[in-house]
Each structure stands twice: as C-alpha cells, then as structure tokens.
Amino acid sequence: MDLRDDARALHPDLVDLRRALHREPEVGLELPRTRDRVLAALQGLPLEVHEGTATTSVTAVLRGGAARDGDGPVVLLRGDMDGLPVAENSGESFAAETGTMHACGHDLHTAALVGAAQLLSAHRDHLAGDVVFMFQPGEEGWDGAGAMIDEGVLTAAGRRTDHAYGLHVFANRMPTGVVTTRPGVFLSASHALDVTVHGAGGHGSNPHTARDPISAAAEMITSLQTMVTRRFDMFDPVVLTVGVVRAGSRRNVIPDTARFSATVRSFSDTHAEQLPALVREVCTGVAAAHGVRAEVEWRDEYPRTVNDADEAGFAAGVCAELLGEDRFALAPDPISGSEDFSRVLDAIPGAFLGMGACPAGTDPHGAPMNHSPLARFDDGVLGDAAAVHASLATTRLAPAGVVA
C-alpha cells in the first residue's frame with residue numbers, strides 16, 4: 001500500500017478541516033463544536049465510535065480485517081483537539097476572532113488523525129489487529145489524557161492497547177516536514193507554583209512603617225532563578241519561569257499582598273522530588289528576612305514523556321522508510337515542553353514524535369514558537385502527518401510474513 005499517495009488525495013479535505021477547526025478554537029475539556037466536526041469527518045467509516053461522558057472526547061475503534069477471531073495487537077493513535085486562551089495575531093486569512101487560538105497546532109493534530117482514520121479504514125483488510133483513535137480534549141493543562149484513561153481509552157478495543165503513538169507539530173525549531181524523536185525522556189515533567197506573600201500595607205512615602213510584599217516577592221523570584229542554577233546539575237536541568245505577577249492598585253500604595261505564579265520543568269524523578277522542599281525553603285527564607293509571610297502552593301502536573309527505547313527506534317525506522325532518511329532527525333536532547341500523552345506512555349509502550357510545520361520560506365530558528373499569538377503552521381504537512389500515523393499502525397499490524 002502507498003499511504004503517501006493515498007494521503008495526498010486526502011490532503012485538500014484535511015486542509016479544509018484544519019482551517020475550519022482553526023477558526024473556532026475551544027479551550028479545556030468541553031469542545032462541543034470541535035467534537036461535532038470530528039464526528040462528521042468520521043461518518044461513514046467502519047469505526048466503532050464512542051463519546052466521552054466526563055469530557056467531549058471521541059474514541060474510535062477500527063477492527064482489522066486480517067485479525068484472527070478478533071485477536072491481534074492493538075495500536076493507539078492520539079490527536080489532541082483543544083486550543084489556548086490566546087488572542088490570535090498570526091495574520092492568517094482563517095485566523096480565529098474568538099479571543100482563543102490554536103497556537104499549539106492541535107488543529108493540525110486533529111485533522112491528521114482524521115486522515116489516518118480514513119487511510120486505515122481504506123486498508124483495514126490488511127490489518128492483523130485493531131486501531132484506537134484517541135481524539136482528546138484538554139491537553140493544555142486540563143489533563144484530558146488522564147480523563148480519557150479513566151474512561152477506558154486504553155481498553156477501548158476490548159483488550160489492552162499494546163502500542164501507543166502521538167505526533168506533535170512545531171511552528172519553529174525544525175525544518176518543515178522533518179520528524180524527530182528519541183529514546184528515553186523526550187519531554188520534561190511540568191509543575192505549577194503559586195506564591196502569595198502576606199505583608200502589611202501602607203503609604204508608599206513611608207515604606208518603613210509597612211511590610212512590603214512586592215519587594216519580598218521580587219527577591220523570591222530572582223532567588224528562585226538563582227536556586228535552580230546553583231542547586232541542580234546543569235546536565236540535568238530545571239527550568240523555572242514566572243509568568244504571572246499581581247500586586248497593588250496605585251503607585252503610592254503598598255499593598256497587603258503580592259502574588260506570583262510560575263511553571264517549573266524537570267527531567268528526572270530525583271529533581272522532581274527535591275523541588276517542592278527547595279522552593280519552599282527559598283520563599284519562606286526570603287519572607288522571614290523581609291518580615292512577611294509566604295504561602296507556597298506546589299502542584300505536580302504532567303510527568304515526563306518517556307519513549308520506550310524499542311518503540312522510538314521502531315518509529316524512527318518507519319518515518320525514515322516512509323518519508324526518506326533526510327526527513328528524520330534523532331533529537332539529541334529532551335525538550336522542555338510537557339505533555340499529558342506522558343500518562344499514556346507511562347502505561348503503554350510507545351513513542352511521541354515531533355514534526356516541523358514552520359511555514360515555507362520561514363527560518364525555523366527565528367519563527368514565532370508554539371503558544372505565541374503570532375504562531376503560524378504550514379498545513380502542507382497534513383498528508384504526511386496522517387501517513388506517519390497510518391504507517392506506524394500498518395507496520396505494527398501487518399499480518400505475519402507480510403511487510404507493510
């Protein structure tokens with residue numbers, strides 16, 4: 001079977017679907033319009049379709065025609081569907097005007113997985129096992145993968161999934177159409193930090209009569225940045241970025257409280273375990289020096305995304321065979337982004353891959369990155385992304401003695 005030729009035939013419809021999704025991004029676990037577009041695109045295919053109850057997820061199962069008595073391996077393919085609360089400024093003719101944006105390429109992920117379902121449905125007689133298509137809401141901090149696992153996505157075929165694969169596009173970082181992955185840790189774990197500094201308000205002209213929470217919070221922020229470079233090995237790094245600071249109402253008023261929030265990324269279990277105590281030590285120590293009090297809240301979000309070594313090697317071989325050796329590049333280091341597909345890979349051997357989708361003619365090293373309001377993605381990669389998904393499944397599910 002020539003999946004790339006078949007995917008080229010689907011490409012115009014996949015572009016139309018992607019752009020329709022892009023115009024109306026939805027955020028979180030409830031994506032009713034997105035779900036309905038996915039269901040419409042899957043209509044008529046030989047799939048067993050199930051909708052989530054806790055979320056607007058869609059799980060579709062394709063039964064392989066070459067499986068014996070409903071037996072054989074099960075392959076799971078995942079595409080996330082949610083957008084971000086970012087006001088789009090990309091300049092695309094199909095840009096969203098909703099105050100939300102598909103700034104992370106999930107519209108491409110969804111369209112590519114629909115394409116894979118169409119490709120594999122056309123070749124189901126050659127599959128000696130089943131395929132589960134996981135259309136997931138709520139990846140952007142809502143743990144949609146965890147919700148779908150709780151609802152049984154890993155046993156949706158009636159038996160446990162054997163292999164799991166996901167694909168993520170990048171608006172920068174990589175040349176268009178190039179695929180990457182690596183064995184072991186591919187993406188970092190993510191943690192959330194919220195700090196409230198309680199001081200005593202007063203007049204800005206007499207700071208000595210107050211207890212200024214703003215200056216204490218500012219010192220905490222710089223001390224935390226120093227801590228992660230001095231307490232952790234640079235070859236097993238920790239990343240800490242403060243994205244929110246809130247305090248005060250007027251320039252001459254010292255407020256009672258100041259608040260800041262940070263995202264923290266780690267690449268090893270050891271550091272993930274050490275971080276909460278060290279962060280609290282820094283914040284409470286600075287607070288004591290300023291005569292204020294720090295309330296520190298720490299939450300572990302997504303674990304590290306860890307690729308099974310054999311599965312990563314398998315995926316690399318499939319991509320190189322499908323697209324050509326020049327279209328696959330082994331990632332030399334982990335990436336400091338985080339993913340809830342990590343929960344799937346904690347349970348099932350598999351691999352997570354990245355694909356460059358930087359617009360043609362744009363330098364990937366200077367292009368706006370994922371999550372930027374300026375981010376743009378080349379939907380010319382959709383056919384190949386669908387073919388990669390489909391090829392991973394067909395190669396795993398080829399009947400004995402048959403080369404996919």
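Residues numbered from 1 in each chain as written. Predicted model: local features only at pLDDT ≥ 70, side-chain atom pairs only at ≥ 80, totals over all residues. Heavy atoms only, no water.

Asker: I'd like to hear about the UniProt feature "binding site: Mn(2+)" (unreviewed entry) in the chain, residue by residue, with values.
Answerer: The UniProt record annotates "binding site: Mn(2+)" (unreviewed entry) at Cys104, His106, Glu140, His168 and His371. Spatial clustering of the annotated residues is evident: they stretch over 268 residues in sequence, but the largest pairwise C-alpha distance comes to 13.1 Å. Along the chain, His106 turns up in helix H3 (residues 106–122). Sequence-distant contacts of His106, that is, excluding residues within four places in its chain, are made with Asp80, Met81, Asp82, Glu139, Glu140 and His168. A polar contact is formed between the side chain of His106 and the side chain of Asp80, at a distance of 3.1 Å. Assessed through its relative accessible area of 18%, Glu140 is described here as buried. (UniProt positions renumbered as here; feature names shortened; annotations may be inferred. Helix = DSSP H or I, 4+ residues; strand = E, 2+ residues; numbered from the N terminus. Contact = heavy atoms within 4.5 Å. Polar contact = N/O pair within 3.5 Å; in protein donor to acceptor, adjacent residues only side chain to side chain. Buried < 20%, exposed > 50% of the residue type's maximum accessible area, 1.4 Å probe, protein only.)

Asker: Explain the pattern of salt bridges to me, and be specific about the residues and the numbers.
Answerer: Summed over all chains, the structure comprises 23 salt bridges. Between Arg37 and Glu24 there is a salt bridge, and its shortest N-O distance comes to 3.0 Å. With Arg37 in helix H2 (residues 32–42) and Glu24 in the loop between helix H1 (3–23) and H2, this pair connects stretches of sequence that are 13 residues apart. Arg78 serves as the salt-bridge partner of Glu339, at 2.8 Å between the closest nitrogen and oxygen. Placement of Glu339 in the loop between strand S15 (328–330) and helix H8 (341–347) and of Arg78 in strand S3 (residues 74–80) is noted, with a sequence separation of 261 residues between them. On the accessibility criterion, Glu339 (2% relative accessible area) is buried. Among the residues examined, Arg78 registers a relative accessible area of 1% and is labelled buried. Connected through salt bridges with shared partners, the residues Arg18, Arg19, Asp107 and Asp379 form a single ionic network. (Salt bridge = Lys/Arg side-chain N within 4 Å of Asp/Glu carboxyl O.)

Asker: Residue-level account of the sheet that holds strand S12 (residues 257–266), with values.
Answerer: Pairing is antiparallel in the open sheet, where 4 strands are placed in the order S10-S12-S8-S13. Every other strand in the sheet has two partners, leaving strand S10 (238–247) and strand S13 (293–300) as the edge strands with one partner each. Averaged over all pairs of adjacent strands, the angle between their axes in this sheet comes to 20 degrees, without regard to strand direction. Packing of helix H5 (residues 213–230) onto the sheet brings it into contact with strand S8 (189–198), S10, S12 and S13, and relative to S10 it is tilted by some 170 degrees. (Pairing = 2+ DSSP bridges. Axes fitted to C-alpha atoms, helices over the stretch in contact; angles between N-to-C directions.)

Asker: Report on unusual backbone geometry, specifying residues and quantitative values.
Answerer: Despite not being glycine, Asp143 has its phi angle at roughly 55 degrees, a positive value. As for its placement among the helices and strands, Asp143 is situated in the loop between strand S4 (130–136) and helix H4 (144–150). You will see that Arg173, though not glycine, has its phi angle at about 75 degrees, which is positive. Tracing the chain through its elements places Arg173 in the loop between strand S5 (163–170) and strand S6 (179–181). Using a relative accessible area of 39% as the deciding quantity, one classes Arg173 as partly exposed.

Asker: Can you tell me about the UniProt feature "domain: Peptidase M20 dimerisation" (unreviewed entry) in the chain, naming the residues and giving the values?
Answerer: According to UniProt, the positions carrying the feature "domain: Peptidase M20 dimerisation" (unreviewed entry) are residues 193–283. With 36% helix and 33% strand, residues 193–283 has end C-alpha atoms that lie 11 Å from one another.

Asker: Quick rundown of the confidence of the model for the chain? Include the residues and the values.
Answerer: A residue-level look at the chain finds 98% of positions with pLDDT of 70 or above and a mean pLDDT of 94. Taken element by element, the predicted model of the chain shows its lowest mean pLDDT in H1 (94) and its highest in S4 (98). (pLDDT = per-residue confidence, 0-100.)

Asker: Give a description of the packing of aromatic side chains that names residues and reports values.
Answerer: By the definition in use, this model includes 3 aromatic pairs. Ring geometry for Tyr165 and Phe314: centres 6.0 Å apart, planes at 35 degrees, overall tilted. Of this pair, Tyr165 sits in strand S5 while Phe314 sits in helix H7 (residues 309–323), placing them 149 residues apart in sequence. Classification of Phe314 by relative accessible area gives buried; the value is 16%. Through a chain of ring-to-ring contacts, three or more aromatic side chains come together here, namely Phe186, Phe341 and Phe352. (Phe/Tyr/Trp six-rings, centres within 6.5 Å; stacked < 30°, edge-to-face > 60°.)

Asker: Now, about H2: what can you tell me, with residues and values included?
Answerer: Buried within H2 are the following residues: Thr34, Arg35, Val38 and Leu42. Each buried residue of H2 lies within a common arc of 100 degrees when the element is viewed along its axis, so the set occupies one face. Each element contacted by the buried residues of H2 is listed here: H1, strand S1 (47–51), strand S2 (58–62), H3 and S4. Looking one or two residues past H2, Gly44 carries a phi angle of roughly 90 degrees, positive in sign. (Arc of directions from axis to C-beta.)

Asker: Break down the domain arrangement of the chain for me, citing the residues and quoting the values.
Answerer: When the domains of the chain are assigned, the result is domain 1 (3–187 + 304–397) and domain 2 (189–302). Here the C-alpha centre of domain 2 lies 36 Å away from the C-alpha centre of domain 1. Listed by partner, the interface residues are 18 residues for domain 1 and 10 residues for domain 2. Where domain 1 abuts domain 2, roughly 910 Å² becomes buried across the two surfaces, and 53% of that area is made up of carbon and sulfur atoms. The largest share of the area that domain 1 buries against domain 2 comes from Arg304, Ser336 and Ser338, three residues that together contribute 61% of it. Applying the counting rule to domain 1 against domain 2 returns 1 salt bridge. We note a salt bridge from Asp269 to Arg304, for which the minimum N-O separation is 3.4 Å. Summed over the shared surface of domain 1 and domain 2, the result is 9 residue pairs in polar contact (both at pLDDT 80 or more). Elements with a minimum of two residues in the side of domain 1 that touches domain 2: strand S7 (184–187) and H8. For the side of domain 1 that touches domain 2, a count of residues per class yields 5 nonpolar, 6 polar and 7 charged. (Domains from an automatic or database assignment. Buried area = accessible area lost by both parts, 1.4 Å probe. Nonpolar A, V, L, I, M, F, W, Y, C, P; charged D, E, K, R; others polar.)

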